[in-house]
Each structure stands twice: as C-alpha cells, then as structure tokens.
Amino acid sequence: MAAPEVPIEVDPATGIWTTNGLPMMYLPRHFMVNMQQTIEAAMGVPAYRAILYKSCHLSALQWCRAEAKTHGLGPEDTFRHYLRRMSQRGHGQVEIASLDAAAGRAEIVVRNSAYALGYGAGAGRRVCYVFEGSFAGGMAYVLEALGSSGDPSCREVACFAEGAPECRFEVS
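Analysis parameters
Residues numbered from 1 in each chain as written. Predicted model: local features only at pLDDT ≥ 70, side-chain atom pairs only at ≥ 80, totals over all residues. Heavy atoms only, no water. Helix = DSSP H or I, 4+ residues; strand = E, 2+ residues; numbered from the N terminus. Rg over C-alpha atoms; globule rule 2.2 N^0.38 Å. Buried < 20%, exposed > 50% of the residue type's maximum accessible area, 1.4 Å probe, protein only. Contact = heavy atoms within 4.5 Å. Areas by Shrake-Rupley, 256 points an atom, 1.4 Å probe, with all protein chains shown as cover. Core = buried A, V, L, I, M, F, W, Y, C linked by side-chain atoms within 4.5 Å. 1 Å grid on protein atoms, 1.4 Å probe; cavity = no way out; pocket = protein on both sides within 12 Å on 5 of 7 lines; lining within 4 Å. Points joined across faces, edges and corners; volume = space filled by probe spheres on them. Nonpolar A, V, L, I, M, F, W, Y, C, P; charged D, E, K, R; others polar. Expected span 1.5 Å × (residues − 1). Arc of directions from axis to C-beta.

## Notes on the overall build of the protein chain
Then step 1. A count of helices and strands for the protein chain gives 5 helices and 7 strands.
Then step 2. Listed N to C, the secondary structure of the protein chain is β-β-β-α-α-α-β-β-α-α-β-β in terms of helices and strands.
Then step 3. Taking 172 residues into account, the globule formula puts the C-alpha radius of gyration at 16 Å, and the protein chain, at 16 Å, falls close to it.
Then step 4. When burial is assessed residue by residue, the protein chain has 40% of its 172 residues classed as buried.
Then step 5. Of the contacts made within the protein chain by residues no fewer than 6 positions apart, 59% connect residues no fewer than 24 positions apart.
Then step 6. Summed over all atoms, the accessible surface of the protein chain reaches about 9000 Å², with 55% contributed by carbon and sulfur.

## Here we look at the nonpolar core
Then step 1. With 39 residues, the main nonpolar core has Leu83, Ile108, Cys128, Phe131, Phe135 and Phe169 as its most contacted residues.
Then step 2. Elements with a contribution of two residues or more to this core: helix H2 (45-71), helix H3 (75-88), strand E5 (105-111), helix H4 (114-119), helix H5 (130-146) and strand E7 (167-171).
Then step 3. For this core, the element with the highest residue contribution is H2, accounting for 9 residues.
Then step 4. If we ignore the near neighbours within four places in the chain, the residues touching leucine 83 are Val94, Ile96, Ile108 and Phe135.

## Considering the layout of surface pockets
Then step 1. There is about 1400 Å³ of room inside the largest pocket.
Then step 2. Around the largest pocket, the lining is made up of 37 residues, and of these Met24, Met25, Met32, Arg89 and His91 lie nearest the centre.
Then step 3. The dominant element in the lining of the largest pocket, judged by the number of residues it contributes, is H2, at 7 residues.
Then step 4. Within the lining of the largest pocket, the residues separate by chemical class into 26 nonpolar, 8 polar and 3 charged.

## Examining helix H1 (residues 29-43)
Then step 1. Its 15 residues place the ends of H1 22 Å apart at the C-alpha level, agreeing with the 21 Å of an ideal helix rising 1.5 Å per residue.
Then step 2. The set of residues buried in H1 consists of Val33, Gln36 and Glu40. Seen from one end, H1 has its buried residues packed into an arc of 60 degrees, which puts them on one side. Facing away from the buried surface of H1 by more than 90 degrees, the exposed residues are His30, Thr38, Ala41 and Ala42.
Then step 3. Those residues of H1 hidden inside the fold are in contact with H2, H4 and H5.
Then step 4. Phi for glycine 44, located one or two positions after H1, is positive at around 95 degrees.

## So, H2
Then step 1. End to end, H2 covers 37 Å across 27 residues, agreeing with the expected 39 Å (1.5 Å per residue, within 8%).
Then step 2. Against strand E3 (22-24), H1, H3, H5 and strand E6 (154-158) lie the buried residues of H2.
Then step 3. Glycine 72, located one to two residues past H2, shows a positive phi value of around 65 degrees.

## Focus on the side chain of histidine 81
Then step 1. Positionally, histidine 81 belongs in helix H3.
Then step 2. Beyond its immediate stretch of four places on either side in the chain, histidine 81 contacts Trp63, Glu67, His71 and Leu73.

Below, the structure written as structure tokens:
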C-alpha cells in the first residue's frame, strides 16, 4: 500500500485536524496498545472488551453515516470504504474475506494488526477484540441503510497474537 489517501486538513487557528469534516487525532501505535494493556490490567479483559465493543460499535455507525452522506456511497460501498480507511490509518491490512450485506454477515481478515503486533505472536490469546464492535457497527450501518432490522454481532475467531497466521473475525 502506498501513502494513505486520507485527506487531512489542519485548522491554523485551532490546530484541529479533520478528515472529511470529522475531527481526528494522529497517535503512535504503541499509545493505543499500551492503553489497552493498562486498562486490561486494571479492570480485566472481559470488562474492557465489553466497553470497547459498545463504544466502537457506536463510533463505526456514526462514522459510516457521516461518510456515506459525504461521499454519496451505498451501504456496501460505505462498509468497504470504512475497512479501507482502517487499513489506511494503520490498524492493519483489513480485508473482507466474504460478505453477504443483505444477511448482515461477513468474514473479515486483519493482517499485521497493530494490536497483535504490539502484544507479539507469543501473547497466547486473542487481543484484537477492539475490532469486534467496529466491524459490527459497520455492518449495523449496512443493515440500517438497506432498511433491514437486526443487530449484528462480531467475534474474533483467530489472532496472530495467539499463533494464528492472521486475525479473523465473523460478523453475523
């Protein structure tokens, strides 16, 4: 992948970075990994995982709504755009292995996940659960935009940090 195609505008008066009108922050990868590890140690993985799921789900839904409106994208194209932007922002190489938009199902692969690489291949557990709510929220947007009901869920089924060749997620 070449340099990201993410337009960044900086307001000279405030220093606020925006992309397509949405305020953004640019952070080093280790910041996010260290934050996740510290919060896991303080509150436990299950509690943090639940909080991340809910917040990432809402954030993905809001982002997809805004981007669809900004770019005039259809539901499936918005979901693909969302995952492409995740790749371009350094989360990892995010790809759709399979997608049935009407049914709200997808299989997503993340290679070189920032979280899995941060924890390392010997972590012995799945650590990329931060993506679960994001992928479910993106799919929730697809169903909403198609006029379908349902609340899709997502689970990480394999992770590089536990020895898998890549991180894999199932949305249904």
